[in-house]
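# A structural walkthrough
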Amino acid sequence: MADAPIGIFDSGYGGLTVARAVLDQLPHETVAYFGDTARAPYGPRPIAETREFALECLDRLVDHGVKVLVIACNTASAAVLHDARERYDVPVVEVIRPAVRRAARATRNHRVGVISTKGTHQSGAYLDAFAAAPHLDVTSVACPRFVEFVEAGVTSGPEVLETAREYLAPLVERDVDTLVLGCTHYPLLTGAISYVMGDGVTLVSSADETAKDVYRVLADRDALRPADLPPPSHGFTTTGDAEEFRVLARRFLGPEVGDVYGGSVVRHSAVVGR
């Protein structure tokens, strides 16, 4: 079981920042990534539809024999976490609570900001998670254009800075000292976000904190992949165009992206890593 892959699911590309963080912290591990790009984004969809799609993809990863599931999608985390933990025998890690825990520990003035997609913002998932820390003043802001910039490969320049200033103005006004990057695309914009917020604001990456949880889960279960095994070989599956995914995935993750398996819909797509 220790040699089984870590299964990472996202509705598209953003979860690759989680995969990057996992590989940085666990370089001997094998990753099986599933991106439902043909049906992304999940945010505008009814929650029942999001749940149906996400569970289809998670079923595929479990069938592939993963040793832990990572729901690297904020919208899907809010929709299916409880169901997934009841449905599967393997541990399930998501992206919301790890970041919330880190932000609650990091803040000094008890004022925390959250930036996310419109769907995650409207779901209230982060505010619900912060309810366990009622002493915190939490401000949530939707930043929908950030995803467009990242997927277009635009992570700096005047337009990015102007948009960041517009989105982040309410958080600057609230004098937050800790900011949760509540979308897995956003770590690729940390330069612009940090510039606008200022050096005194701690940025909390949901990707980094989720990877720490994955490490903790595997270590607690004595399921870390032995370092003396051959180098890991990673697998990537998309429900959309495989070549388009490969190009964008390399932007998010790097040269570890090799062959990508694709299909028009989940039920007809290739099994991860085969």
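Residues numbered from 1 in each chain as written. Predicted model: local features only at pLDDT ≥ 70, side-chain atom pairs only at ≥ 80, totals over all residues. Heavy atoms only, no water.

## Thoughts on the environment of A79
Of note, A79 is situated in helix α3 (residues 74-87). With 32 residues separating them along the chain, A79 and I47 place their C-alpha atoms 6.2 Å apart. Among all residues touching A79, those that are not within four sequence positions of it are I47, T50 and R51. (Helix = DSSP H or I, 4+ residues; strand = E, 2+ residues; numbered from the N terminus. Contact = heavy atoms within 4.5 Å.)

## Some remarks on the confidence of the model for the protein
With 96% of its residues at a pLDDT of at least 70, the protein reaches an overall mean of 92. Counting contacts from residues 264-274, a segment whose pLDDT is below 50, to residues more than four positions away or on other chains yields 38 contacts. (pLDDT = per-residue confidence, 0-100.)

## Description of the sheet that holds strand β10 (residues 260-262)
Pairing within the open sheet is parallel, and its six strands lie in the order β4-β3-β1-β2-β9-β10. Each end of this open sheet is capped by a strand with a single partner; those strands are β4 (92-94) and β10. Each strand axis lies, on average, 20° off the axis of its neighbour in the sheet, ignoring direction. Relative to strand β2 (residues 31-35), strand β1 (residues 6-10) runs parallel, the two being bridged by five bridges. Note on β2: the bridge partner recorded for I8 is Y33. (Pairing = 2+ DSSP bridges. Axes fitted to C-alpha atoms, helices over the stretch in contact; angles between N-to-C directions.)

## Remarks on the state of the cysteines
Using the criterion set out here, one finds zero disulfides in the structure. The closest cysteine sulfur to the non-disulfide-bonded C57 is located on C73, 9.8 Å from its own sulfur. Free of any disulfide, C143 has its nearest neighbouring cysteine sulfur in C183, separated by 9.3 Å. C143 sits in the buried class, given a relative accessible area of 0%. (Disulfide = S-S within 2.5 Å. Buried < 20%, exposed > 50% of the residue type's maximum accessible area, 1.4 Å probe, protein only.)

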